[in-house]
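Per-entry structural report
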Amino acid sequence: MKGYTGKYLRVDLTTGDIRTERLPEEVARKYLGGYGFVGWTLYEEVPAGTDPLSPENVVCLWTGPVAGTPVPVSSKYIMGALSPATGFIGFGIASGGIASELKAAGFDGIVVTGKAPSPQYILVQNGRAELRDASDLWGKTTWETEELIREELSDDEVRVSSIGPAGELLSVLANVTNDRNRQVGRSGIGCVMGSKNLKAIAIRGTGDVEVADLDGLMEFSRDLYKRCRGPATEKYRVFGTPANMLVHNRLGCLPSYNFQKGTFEKVEDVSGERMLETMVKKITACPSCPIACDHINEVKEGPWAGTVSSMDYESLELLGPNCGVSDLNAITKAVELCDTLGIDTISAGVTVSWAMEAFERGLLTSEDVDGLDLRFGNGEAMVEAVRRMSLREGNLGALIADGSARAAEKLGKGSEKFAMVNKKLEWGAYSLRPLQTATLGFATSVRGACYLRSGSYQPDVKGTVDRYHLDSSRGKVVFEGENLYAIIDSLIICKFTRGIYKDNTEFTKLIKLVTGFDWSVEEMIKTGERIHNQAKLFNVRFGAKRADDYPPPRAFEEKLYDDVSDGAIIIRAEYDEALSGYYEERRWDEEGIPTKALLEELGLDATLGV
Amino acid sequence: MEAKKIIVCDTEKCTGCEICEYACSIYKEKRINWSRSRIRHVRIEPTFDIAIACRKCEEPLCIKACPRDAVVVLSDGSVKIDKDKCNGCGWCIEACNFGALKLDWEKKCAFTCDFCADLGTPMCVEVCPYEALEYTTLDQVGHEAGKKAFKRIIEELS
Ligand code: SF4
Ligand code: SF4
């Protein structure tokens, strides 16, 4: 089998047993890799009724076939588990050196079960793995953990994925960090690691990575490098993803004040342009990436001088305008806290903005927020709230450490109405009412509130649909996006490169050069459909229903007024129709349950089908 | 003798993508294995990146260090390791200030960059997507630096 090592590690933390298992070729052909393998592992191994924080939950780390090859941008891995945040499938994709190092060490993935009796970390080296004591690492930040493991092993090239204190303290927002600035951000994978006493996974490999056609792949990769330097990716190269700040503000879809508005009056102060001018110290790339979108900010003055952290659009937007904050220094500091203490920046931003709104509405007292002046726009208070949330410190930390949905449940008083979540996970940095196709895509996503599963914001932003209204035809847009993205997330390549492929035949070409699988475009898309349905089926096992596929109430109940929108709102009947249209396109019933006929056609387990 | 050309890396431009490492291992060894690349990317957190290959030193420490006279210098200034003499002790690797030699544990022999003698432009330089690498002489590097400094002065004065 080319493109795969054909082996993966199984680690039982309870017994300390580690073994190498064969990755069957049928599985590779059926699920391709990455996202597909996460769905496969979880569906096979996590039974209905499992408590996400029990030893019975599984946390897995997978690569895809392109990992470790020169294909741009192939340096991605995925981690998955039953999410403690949503109660459904949880996963996150990150770049950095983990994927290629694991491949070179001779494995496609790692499946971890059980719970270690004391803090431990997994060390994988060429062809073998061991559990090592992590008692001294417990309580350390992710950046410290990376450094300490490298020191312990006297090896600078070891790559480390670790959790910070937030994961140890079982925050359902906890993420996993590798190479300092790369995160498996969403759905609380860090929390599951914490529940298993698993501090980190460290990997070092020096073997060959094999592909089906090396010369052909290098030639194609070189062509793709050139295209990566073209107009399709220019804005990411110059300003990084923060290039979107001004664009989204112009479109009126830049969430501010906890999604109460879609424009921000001080957007100039937090634009990608301003950031490049005043904050960016270095532009860096993930391994194998010719784009280099990663913009590293440095705080030059004030109380946080010397802080250095990596800034992307979502973090900047949600910790910035969405909290009313226009101080780049404060936002850079907040991102550093999230990355080192181990919490997702998206969930952090939207949770703090929820607390700010509750505070301004008088639903939270000064005592509830430990005396902070938690008004919108107060950067210092935002930073302190992020710190308290990550460390579960004080009344405020205790209230919001597990995100806005759970905080709102505790607080009540109608605050649930402005918890900007879907499936209890915080919404990405795209306003709901002026981007209605996007909203449908986010709300139906298997991971919850997810902007990365279908690219459903693209037709809205490009203006190819009426973005202020929905109809049943939008289901098809989401359906098609999801099927292709399932392939991208299984290969795994960076979504910023999707625009450099001329058409879908180039994806099949790539698959052939790497794995030798000679797929037609139809077969590839069917595989994407299978991968997506497998993930959905896992959610069905955990009780997913139609009601889980709706955006937060604000979308339907409050009209949006700002510099661009004049009363935009999602009409519930239109949303219902679009949702039904989506289910129909997917061949799911009105509750979003896949039909038996579809599951059988896709070669999936049909017991849960209707 | 022609002025020696070396590979210089503009650390402002280098992003740490390691594509040079991939390209080198694929071109020189017909396999994907960045630990076999002749050029080495190094990152010093949080914001410093560089890719370094052999510097063609005037007095190569690797040659001095080798107890078996296996390292010899060629007319272009690069060094070559004589496979018959080398037994993989690694003293040359230790001696090099730049980490420009590596050990091939399969062939039990040290190896280093040959500047892709068969190509006009070295593969790593050709492939670097950010044009961070240049195959040039130290004299030219100095000239460029002088130009840059002068430009800055002109800008400040005008
Ligand atoms: S290819 Fe260029 S930018 Fe990338 S690591 Fe090498 S020298 Fe740096
Ligand atoms: S010049 Fe050729 S051999 Fe030397 S580092 Fe570059 S690609 Fe490798």
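Here the structure is a predicted model, which means the values were calculated and not measured. (Residues numbered from 1 in each chain as written. Chains lettered and ligands numbered in written order. Predicted model: local features only at pLDDT ≥ 70, side-chain atom pairs only at ≥ 80, totals over all residues. Heavy atoms only, no water.)

Points about the domain arrangement of chain B
Residues and elements named next belong to chain B. If you check the domain split of chain B, you get domain 1 (1–53 + 114–158) and domain 2 (57–112). Distance from the C-alpha centre of domain 1 to the C-alpha centre of domain 2: 21 Å. Taken together, the contact pairs 13 residues of domain 1 with 16 residues of domain 2. In total, about 1300 Å² of surface goes out of reach between domain 1 and domain 2, with carbon and sulfur atoms giving 44% of it. Inspection of the region where domain 1 meets domain 2 yields four salt bridges. Taking the shortest distance from any N to any O, the salt bridge between E106 and R31 comes out at 3.1 Å. Run the count over domain 1 and domain 2 and you get seven residue pairs in polar contact (both at pLDDT 80 or more). A class-by-class count of the residues in the side of domain 1 that touches domain 2 yields five nonpolar, two polar and six charged. (Domains from an automatic or database assignment. Contact = heavy atoms within 4.5 Å. Buried area = accessible area lost by both parts, 1.4 Å probe. Salt bridge = Lys/Arg side-chain N within 4 Å of Asp/Glu carboxyl O. Polar contact = N/O pair within 3.5 Å; in protein donor to acceptor, adjacent residues only side chain to side chain. Nonpolar A, V, L, I, M, F, W, Y, C, P; charged D, E, K, R; others polar.)

Some remarks on the site of ligand 1
Neighbouring ligand 1 are the residues C14, T15, G16, C17, E18, I19, C20, A51, C128, P129, Y130 and L133 of chain B. Partitioned by chemical class, the residues of the shell around ligand 1 number nine nonpolar, two polar and one charged. (Near = heavy atom within 4 Å.)

Description of the domain arrangement of chain A
Residues and elements named next belong to chain A. Taken as a whole, chain A is organised into domain 1 (7–204), domain 2 (240–426) and domain 3 (436–550 + 571–602). For domain 2 versus domain 3, the distance between C-alpha centres works out to 28 Å. Opposite the ten residues of domain 2 that make contact, domain 3 presents 17 residues. In total, about 1100 Å² of surface goes out of reach between domain 2 and domain 3, with carbon and sulfur atoms giving 61% of it. The largest share of the area that domain 2 buries against domain 3 comes from L251, N422 and K423, three residues that together contribute 51% of it. Scanning the region where domain 2 abuts domain 3 turns up one salt bridge. Salt-bridge contacts for D549 lead to K423; the nearest nitrogen and oxygen are separated by 3.1 Å. At the boundary of domain 2 and domain 3, one finds nine residue pairs in polar contact (both at pLDDT 80 or more). Counted by class, the side of domain 2 that touches domain 3 contains five nonpolar, two polar and three charged residues.

Let's talk about the nonpolar core
W62, W354, L374 and M382 of chain A together with I7 and L133 of chain B are the most contacted members of the largest nonpolar core, which has 209 residues in total. In terms of residue count, the dominant contributor to this core is helix α13 (residues 345–360) of chain A (nine residues). When sequence neighbours within four positions are dropped, the list of residues in contact with I7 of chain B reads I39, A53, R55, C113, F115, P122, C124, V125, L133, E134 and Y135 of chain B. One finds L9, A116, V176 and I201 of chain A within the second-largest nonpolar core, a separate group that totals 30 residues. (Core = buried A, V, L, I, M, F, W, Y, C linked by side-chain atoms within 4.5 Å. Buried < 20%, exposed > 50% of the residue type's maximum accessible area, 1.4 Å probe, protein only. Helix = DSSP H or I, 4+ residues; strand = E, 2+ residues; numbered from the N terminus.)

What to know about the sheet that holds strand β14 (residues 294–298) of chain A
Residue and element names in this part refer to chain A. Reading across from one edge, β13-β14-β15 is the order of the three strands in this open sheet, with antiparallel pairing throughout. A strand with exactly one partner marks an edge of an open sheet, and here the two such strands are β13 (280–284) and β15 (308–311). Taken over all neighbouring pairs, the strand axes of this sheet differ in orientation by 30 degrees on average, direction set aside. Taken strand by strand, helix α12 (residues 328–341) contacts β14 and β15, and its axis lies near 95 degrees from that of β15. (Pairing = 2+ DSSP bridges. Axes fitted to C-alpha atoms, helices over the stretch in contact; angles between N-to-C directions.)

Description of the site of ligand 2
Residue and element names in this part refer to chain B. The environment of ligand 2 is formed by I7, C24, K28, R38, I39, C113, D114, F115, C116, P122, M123 and C124. Elements represented by at least two residues in the shell around ligand 2 include exactly α1 (19–29) and α4 (123–127). Among the residues making up the shell around ligand 2, the classes are represented as nine nonpolar, no polar and three charged.

What about the environment of P287 of chain A?
Tracing the backbone shows P287 of chain A in the loop between β13 and β14. Separated by 213 residues in sequence, P287 of chain A and S74 of chain A place their C-alpha atoms 7.9 Å apart. Leaving out residues up to four positions away in the same chain, P287 of chain A has contacts with V73, S75, G96 and G97 of chain A together with C17 and E18 of chain B.

Here we look at α1 of chain B
Burial analysis of α1 of chain B places nine of its eleven residues in the buried class, which makes it a mostly covered element. Listed in full, the buried residues belonging to α1 of chain B are I19, C20, E21, Y22, A23, C24, S25, I26 and E29 of chain B. Considering only its buried residues, α1 of chain B is in contact with α3 (98–104) and α7 (214–228) of chain A together with β2 (40–44), β3 (48–52), α4 and β8 (133–137) of chain B. Positioned one or two residues after α1 of chain B, K30 of chain B has a phi angle of 55 degrees, which is positive.

What to know about the side chain of T437 of chain A
Residues and elements named next belong to chain A. Positionally, T437 belongs in helix α17 (residues 436–444). Under the relative-accessibility criterion, T437 is labelled buried at 0%. In this structure the side chain of T437 is engaged in a polar contact, spanning 2.6 Å, whose partner is the side chain of D460. Residues in contact with T437, not counting those within four places in the same chain, are S456, P459, D460, V465, L470, R474, V477 and V478.

Details of the interface of chain B and chain A
In this assembly, 30 residues from chain B lie in contact with 33 residues from chain A. In total, about 2500 Å² of surface goes out of reach between chain B and chain A, with carbon and sulfur atoms giving 57% of it. When the buried area of chain B at its contact with chain A is split by residue, I32, W34 and T47 of chain B rank highest and sum to 24% of it. Linking chain B with chain A are six salt bridges. The tally of links from chain B across to chain A stands at 15 residue pairs in polar contact (both at pLDDT 80 or more). Secondary-structure elements contributing two or more residues to the side of chain B that touches chain A are α1, β2, β3 and α4 of chain B. The biggest single contributor to the side of chain B that touches chain A is α1 of chain B, with four residues. Of the residues assigned to the side of chain B that touches chain A, the class counts are 15 nonpolar, six polar and nine charged.

Some words on the pattern of salt bridges
When charged atoms on two side chains of opposite charge get close, those side chains can pair. Counted by the stated rule, this structure contains 62 salt bridges over all chains. Between D49 of chain B and K282 of chain A there is a salt bridge, with its nearest N and O atoms 2.8 Å apart. Of this pair, D49 of chain B sits in strand β3 while K282 of chain A sits in strand β13, on two different chains. An identical accessibility class is assigned to D49 of chain B and K282 of chain A; each is buried. Across the salt bridge formed by R587 of chain A and E601 of chain A, the nearest N and O atoms sit 2.9 Å from each other. Taken as a pair, R587 of chain A in the loop between α23 (572–586) and α24 (596–602) and E601 of chain A in helix α24 lie far apart in primary sequence, 14 residues in all. What makes R587 of chain A partly exposed here is its relative accessible area of 32%.

With respect to the packing of aromatic side chains
Residues and elements named next belong to chain A. As enumerated under the stated definition, the model contains 30 aromatic pairs over all chains in all. Ring geometry for F442 against Y451: centres 6.5 Å apart, planes inclined by 55 degrees, an arrangement best described as tilted. Accessibility expressed as a relative area gives 1% for F442, which makes it buried. Overall, the relative accessible area of 13% leaves Y451 in the buried class. (Phe/Tyr/Trp six-rings, centres within 6.5 Å; stacked < 30°, edge-to-face > 60°.)

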